[in-house]
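Okay, here's what each chain looks like letter by letter:
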Amino acid sequence: MTRRTIRCMSGLLLILTLSLLPGLARSDSSSFFDPRGPIAAAEKDHFIQTAALTMIAVLPVLVLVPLILWRYRYGNTRARYTPKWEFSGLLDTLMWGVPIAIVTVLSVQLWRETVALDPYRPLESDKPPLDIHVIGLDWKWLFVYPEQQIATVGEMAFPADRPVRLRLTSDTVMQSFLVSALAGQIYVMPGMQTQLQLLADVPGVFEGENTQFNGDGFTQQKFRAMAQTDADFASWSARVRAGGVPLDVDAYGRLAIRSSPAEVHAEFATPAMPTNAVWFGSVLPDLFERVLHRYHQGSALDPGGQPGSYICGPGSLSKSLPEIAR
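Quick notes on the rules
- Residues numbered from 1 in each chain as written.
- Predicted model: local features only at pLDDT ≥ 70, side-chain atom pairs only at ≥ 80, totals over all residues.
- Heavy atoms only, no water.
- Helix = DSSP H or I, 4+ residues; strand = E, 2+ residues; numbered from the N terminus.
- Buried < 20%, exposed > 50% of the residue type's maximum accessible area, 1.4 Å probe, protein only.
- Contact = heavy atoms within 4.5 Å.
- Areas by Shrake-Rupley, 256 points an atom, 1.4 Å probe, with all protein chains shown as cover.
- Pairing = 2+ DSSP bridges.
- Axes fitted to C-alpha atoms, helices over the stretch in contact; angles between N-to-C directions.
- Salt bridge = Lys/Arg side-chain N within 4 Å of Asp/Glu carboxyl O.
- Parallel < 35°, antiparallel > 145°, perpendicular 65-115°, else oblique.
- Left-handed = near helix turned anticlockwise from the far one by under 90°.
- Nonpolar A, V, L, I, M, F, W, Y, C, P; charged D, E, K, R; others polar.

A.B. asks: I keep staring at the overall build of the protein chain and nothing clicks. Help me out?
C.D. replies: A count of helices and strands for the protein chain gives eight helices and 12 strands. Buried residues in the protein chain amount to 39% of all 326 residues. Looking at the protein chain alone, contacts between residues at least 24 apart form 70% of all its contacts between residues at least 6 apart. When the accessible surface of the protein chain is totalled, it reaches about 18000 Å², and 63% of it is carbon and sulfur.

A.B. asks: I'm lost on unusual backbone geometry in this one. Help?
C.D. replies: Excluding glycine, most residues fall at negative phi; most peptide bonds, likewise, are trans. Here the bond from D138 into W139 is cis, since omega is 0 degrees, no more than 30 degrees from zero. Within the secondary structure layout, W139 lies in the loop between β1 (130–137) and β2 (140–145). Its identity as a non-glycine residue notwithstanding, Q149 has a phi of 60 degrees, on the positive side. Tracing the backbone through its elements, the reader meets Q149 in the loop between β2 and β3 (150–153). Take Q149: its relative accessible area is 39%, and that puts it in the partly exposed class. Although it is not a glycine, D286 adopts a positive phi angle of roughly 55 degrees. Mapping D286 onto the fold places it in the loop between β12 (278–283) and α7 (287–293). D286 sits in the exposed class, given a relative accessible area of 56%.

A.B. asks: I tried to follow the sheet that holds strand β10 (residues 222–228) on my own but got confused; where do I start?
C.D. replies: Strand pairing in a sheet is mediated by backbone hydrogen bonds. Such pairs are either parallel or antiparallel. In space, the five strands of this open sheet follow the order β4-β10-β9-β6-β7, with mixed pairing throughout. In this open sheet, the two edge strands, each paired with only one partner strand, are β4 (155–159) and β7 (183–188). Each strand axis lies, on average, 20 degrees off the axis of its neighbour in the sheet, ignoring direction. As judged from the six bridges shared by strand β9 (residues 204–210) and β10, these two strands associate in the antiparallel manner. Looking across to β10, one finds that E209 is bridged to K222. Strand contacts of helix α4 (residues 230–243): β4 and β10, with the helix running at about 135 degrees to β4, the strand carrying the most contacts.

A.B. asks: Explain the pairing of β3 to me, please; I cannot follow it from the model alone.
C.D. replies: The side chains of a regular strand alternate, residue by residue, between the two faces of the sheet. Neither face of β3 is open: one carries I150 and T152, the other A151 and V153, and all of them are buried. Both β2 and β3 contribute to a ladder of four bridges, which runs antiparallel. Across the sheet, L142 pairs through a bridge with V153, a residue of β3. Between β2 and β3, which pair antiparallel one after the other, the connecting turn spans four residues, and Q149 there sits at a positive phi close to 60 degrees. Bridge count for β3 against β12 is three bridges, and the pairing is antiparallel. Residue pairing across strands places T152 opposite W279, the latter belonging to β12.

A.B. asks: Help me out: how do you make sense of the pattern of salt bridges in this one?
C.D. replies: Pairing is possible between side chains of opposite charge, provided their charged atoms come close. The full count for this structure, using the stated rule, is 10 salt bridges. With its nearest N and O atoms 2.6 Å apart, the salt bridge here joins D131 to R165. With D131 in strand β1 and R165 in strand β5 (residues 164–170), the pair connects residues that are 34 residues apart, well separated along the chain. Of the charged contacts, one joins E155 and R224 as a salt bridge, the two residues approaching to 2.7 Å between their closest N and O atoms. Taken together, the residues span a long stretch of sequence, with E155 in strand β4 and R224 in strand β10 at a distance of 69 residues. Residue classification places E155 among the buried positions, given a relative accessible area of 1%.

A.B. asks: Can you help me understand the packing of helix α5 (residues 249–256) against helix α6 (residues 261–268) in this one?
C.D. replies: The packing of two helices is summarised by the inter-axis angle and the distance between the axes. Packing of α5 against α6 leaves a shortest axis separation of 10 Å and a crossing angle of 150 degrees. The angle between α5 and α6 falls in the class roughly antiparallel. The crossing of α5 and α6 is right-handed. Facing A251, R254 and L255 of α5, the residues of α6 in contact are V264, E267 and F268. When its residues are assigned to classes, the contact of α5 with α6 shows four nonpolar, no polar and two charged.

Now the structure itself:
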């Protein structure tokens, strides 16, 4: 192996290592490296601890490989040549013992964090949680506020320093809900429900998205998660109720078909709504349960009655929702 080859390999290894640093150092309101809530903060700590433990095995490789290549290069006659060498108790102990110890520690740590960050586990607070029902559609998220009797697309507002309890499902294919600065990712599927707990330490605006590919509009399925003061949230709720359109059976049928947030805005928006969100001032009673239980009727859904299907139209979908209500 020539010196030029060794220098090229060492340089490439250095470039690869340095290229990872900007991503790890990135800190903004869309990353859990800059957490704005206790869940994301715990996830960041867990990631750093895991990375540090992993580096116990990775760093010696990064350091020793270039040194070994240099030490045993073709032109170095001073390197010791031992072709009959087969076993070293010290090296075998290190090569097997260190990985076993790392995996053991990581396993215990992962079990503890999994229990502590259970998405169904209520967050400790002296304030009652705010309930929000989340329905995944192609290609947008619908947020229903059962207590306020309003709904939104494109933005999810909630008070800062107050727990938020999300119930989530999908009325189309499997999707993945994520607000990185506040909490981890969780999957949603049609006919099934899951939960996720959120809490923002301070007011702010954070990016939410779907991380599961679900068609052409996948990259547009984002929303703003807005942590507000109690007064601002009350004011926002009043504006949504006053300026939103009704979310009845027909409106849900039009909303649920495949469409981007921009197309939804063009379909439903009024001058009172922001340019990147749609407000619904009233909501069909028990909408979340109706959507959830449409898939529990003992027979397969008519392909024309499921949102996201190419032949689904407002009429066919609208017919399926009232039947669940009865």
